[in-house]
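Examination of the molecular architecture
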Amino acid sequence: MSHDKTMNLTLHVWRQNGPKDPGKFEVYEAKNVSPDQSFLEMLDEVNEDLIKAGKDPIAFDHDCREGICGMCSQVINGMAHGGQDRTTVCQLHMRMFKDGDTIYIEPWRARAFPIVKDLVVDRGALDTIIQAGGYTSAHTGGVADGNALLVPKDIADYAMDAAECIGCGACVAGCPNGSAMLFTSAKVSQLAVLPQGKAEAKRRVQEMTGALQECGFGNCTNHYECQAACPKGINVKFIATLNREYLKSIF
Amino acid sequence: MILDGKCPTGPIEKTWDKHRFDMKLVNPANKRKYKILVVGTGLAGGAAAASLGELGYNVEAFCYQDSPRRAHSIAAQGGINAAKNYPNDGDSIYRLFYDTIKGGDFRAREADVWRLAQVSNNIIDQCVAQGVPFARDYAGYLDNRSFGGAQVSRTFYARGQTGQQLLLGAYSALARQIKAGTVKMFNRTEMLDLIVVDGEAKGITVRDMVTGEIRSHVGDAVVLCTGGYVNVFYLSTNAMGCSVTAAWKAHRKGAFFANPCYTQIHPTCIPQHGDKQSKLTLMSESLRNDGRCWAPKNKGDKRAPGEIPEEERDYYLERKYPSFGNLAPRDIASRAAKEQCDDDRGVGPGGRGVYLDFAASIKRLGEDTIRERYGNLFEMYEKITDENAYKVPMRIYPAPHYSMGGLWVDYNCESNVPGLFVLGEANFSVHGANRLGASALMQGLADGYFVIPYTIANYLAKTAPGKVKADNPECKKSVDDVNNNLKKLMSINGKKTVSEFHRELGRIMWENVGMARSEQSCKEALKKIPALREEFWKNVKVSGSGAQFNQDLENAGRVADFLEFGELLTRDALYRNESCGGHFRVEHQMPDGEAKRDDENFCHAAAWEFKGVNAEPELHIEPLKFENVHLAIRSYK
Ligand SMILES: Cc1cc2nc3c(=O)[nH]c(=O)nc-3n(C[C@H](O)[C@H](O)[C@H](O)COP(=O)(O)OP(=O)(O)OC[C@H]3O[C@@H](n4cnc5c(N)ncnc54)[C@H](O)[C@@H]3O)c2cc1C
Ligand code: SF4
Ligand code: FES
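Residues numbered from 1 in each chain as written. Chains lettered and ligands numbered in written order. Predicted model: local features only at pLDDT ≥ 70, side-chain atom pairs only at ≥ 80, totals over all residues. Heavy atoms only, no water.

An unreviewed UniProt entry lists chain B under the name succinate dehydrogenase, from Geobacter hydrogenophilus. The Cofactor (unreviewed entry) comment attached to chain B in UniProt states, word for word, "FAD". Note on chain B: under the UniProt heading Sequence similarities (unreviewed entry), the record states "Belongs to the FAD-dependent oxidoreductase 2 family. FRD/SDH subfamily." (UniProt positions renumbered as here; feature names shortened; annotations may be inferred.)

An unreviewed UniProt entry annotates chain A as Succinate dehydrogenase of Geobacter hydrogenophilus. For chain A, the Sequence similarities (unreviewed entry) comment in UniProt is given as "Belongs to the succinate dehydrogenase/fumarate reductase iron-sulfur protein family."

See below:
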């Protein structure tokens, strides 16, 4: 609830004008920050001051500000989304920090995500992976009644656990190899366990893993940093499911 | 002018089938010759672009986020309605139709609402086929929950993330078409003008948000699916980028704006914590299935909730509306909460809150069941407020949430500008003066999957493909206009930031045209808004240059449009001298404080025509006829 104490913080923020610009950290002061403010609201205030001073505000991606669109994407003190369990940057609140703290803010860093500006990166490669096969080929209209296919609760729940991925890319940013395996495996697993997705399971896993390579993501060598970085708690067991599906598809 | 909704006639249950048969078709071989521009790829636009692409049209789709998967439809929590009647509790297409007409306080067109109810069942089937993991029971059947304004259980859901799952379903269908090459997707691209040639919509002008390039795209038809406008209040449950811009630019090019004063204030949002707040967060209405709303009976009671004994609590919704109780419709529940607070019985900071209490349900069902149903919402609540709602009741307060008004469209979802179609929250069609919970997802997908694929053919079949070329003088003119406007924004170099103006506009709107409106408050706002707009164009400060990634410039354009639109909203609220649904004029209420309609004078849609920024818009009226559900006083008692 409301705390009256405000705090002052020092921010080291990565500034970079475009993919080819070398980029560097700049230092800013964030003053009178309320613990009830969100992290992005704190950055809004810093930006207001920069704009008024005739300087270029810090570019960062955000939209829903409620942890579901997957747009926000910052590495805070070395941790994707700031390291609070199951929390996106936009849901991070300043009560996590103390007066006088120094905070380092960087963009997602991965070969497959070129920097657009400052903290904004291009995550188009994640769309490319889904386009490679992350769907069922259901036509609009002409499908069976929703209850024609029974899906037992445990299967529906397993699919939903996987489907919770918000496509933010933190798993890639957190992975020492810059792999998008967790992201890819979540979609592969969701559709592989559901009866609706089974018909295309073989082709899907092959094409999606193929796209993974083509987009410049690294290989998965089982560090499991992805799971630690994931704000939605997507479990690495889905990577095992993907591997099983992959093996099934080649034999 | 009297507007014609072009609704089919005859028995209501045959209207859509008959109309589908009467419409013209485009021959399969000709479809690829037609280019359709779909602006917005949320539920409405994503479903439309995917379905039109699959039919073989040549589609270009646009969104302002970095991926279509992030449209604000993603944030919908509670669920989607359909008339499946799986629980066997008395539901039917007719009942869903009836509930929606009544819920909208008799201000929507019957034929459109009928069609929505009719196709609702196809939507569920479609989403299941896409692999949307709806909640299931142990035997594997689809599960349902209840939502406000209905006495049957007809809401399908996927945990507390229904919108996310439905959007990802539409997004996956869209991804499939992008790969197939039928849809070309333009992310981070914002529409800033509509191109009208010889009276018909034939293109759009956009800004590439990465490079700053301004360019036009021409096509044979334009489909706007750009969402709602409640960010005109600054603080709302919408995403930061949601704006009226696309709709407003179309309005400036001739499309009528209907019922802009119909805005929905959602009863269950997390109360505001301070004045630096950037947005408000919704707590899904589904919580009212198991949560009970109450406020202390005694004025100014500052005790902690646990210290207030049962007999000193007022479960005001249960008391006032015994048959619907905590599931009273949104407009009613919001006003009831405000009443408690205005009466000095509110709780939390500033007394702007009431309790939503789960103690009784936790006792009855156990904490695990409640966690299973709403776990993610409780988690979200805790992140924002630092309070555990399993132990202390949630605090909630109403917040701007949804816009029932929007661009005027006929039964075909076509605006008065031929070739311009409007789907989803951006149009005004089915929710009348108040939308029922779980009906917006239904509308977006109905429009996108099952309406536009038919109705657009009826238009295209009458026009030759590729009539307008990229070198048309209207395109160049539009690009010049957009460039000049952006240059002007950047050249002012004043003292106040864009957010400061937006906040100020929001304050004017919320105080004068928010949950309660009066002739006087509307007139007050009509003085203040133009003055603020004038100041904006003299004193705004926008950083950077146009030819680059520039979020400040993006915002400036959106706020400039809100500063024009806010005035229209207010004018409409002043004009509509009655109360209905979410539009509450304090002069018109029943003795018990319910909204009092004036069917004699206002049983119509009010559609406004743009006449210039500081000029009065012209009013056009579409009379509403109720032949199936008879006009009656809405009662949820
Ligand atoms: C927090 C929240 C919870 C909700 N819960 C429910 C619920 O449980 N059940 C229910 O039925 N409804 C719910 N709603 C309402 C419902 O989610 C929306 O009304 C619906 O999803 C709107 O869909 P849409 O496709 O019309 O618009 P959106 O999903 O908002 O999509 C708009 C699209 O337009 C694009 N766009 C906008 N402007 C431009 C421009 N100028 N240029 C280019 N692109 C542009 C955006 O990029 C986006 O792709 C909820 C709404 C909110 C905010
Ligand atoms: S798996 Fe987790 S971290 Fe990776 S994209 Fe999905 S939600 Fe983000
Ligand atoms: S801004 Fe949407 S998840 Fe953070």
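Let us keep going from here.
Brief notes about the environment of Val629(B)
Residue and element names in this part refer to chain B. Considering the arrangement of structural elements, one finds Val629 in the segment after strand E21 (618-623). What makes Val629 buried here is its relative accessible area of 2%. C-alpha of Val629 to C-alpha of Asp99: the two residues are 530 residues apart in sequence and 9.6 Å apart in space. The residues touching Val629, leaving out its near neighbours within four places in the chain, are Phe97, Tyr98, Ile101, Phe106 and Glu110. (Helix = DSSP H or I, 4+ residues; strand = E, 2+ residues; numbered from the N terminus. Buried < 20%, exposed > 50% of the residue type's maximum accessible area, 1.4 Å probe, protein only. Contact = heavy atoms within 4.5 Å.)

Structural notes on the state of the cysteines
With the rule as written, the count across this model stands at zero disulfides over all chains. Sulfur of Cys7(B): no disulfide; nearest cysteine sulfur belongs to Cys413(B) and is 11 Å away. (Disulfide = S-S within 2.5 Å.)

Things to note about the sheet that holds strand E7 (residues 200-208) of chain B
What holds strands together in a sheet is hydrogen bonding between their backbones, with the strands either parallel or antiparallel. Residues and elements named next belong to chain B. Strand order in the open sheet made by the three strands is E6-E7-E8, with antiparallel pairing throughout. The open sheet has two edge strands with one neighbour each: strand E6 (189-197) and strand E8 (214-218). Taken pair by pair, the neighbouring strands of this sheet meet at an average axis angle of 30°, ignoring direction. Helix-sheet contacts for helix H13 (residues 473-491) involve E6, E7 and E8, and the interaxial angle to E6 is about 140°. (Pairing = 2+ DSSP bridges. Axes fitted to C-alpha atoms, helices over the stretch in contact; angles between N-to-C directions.)

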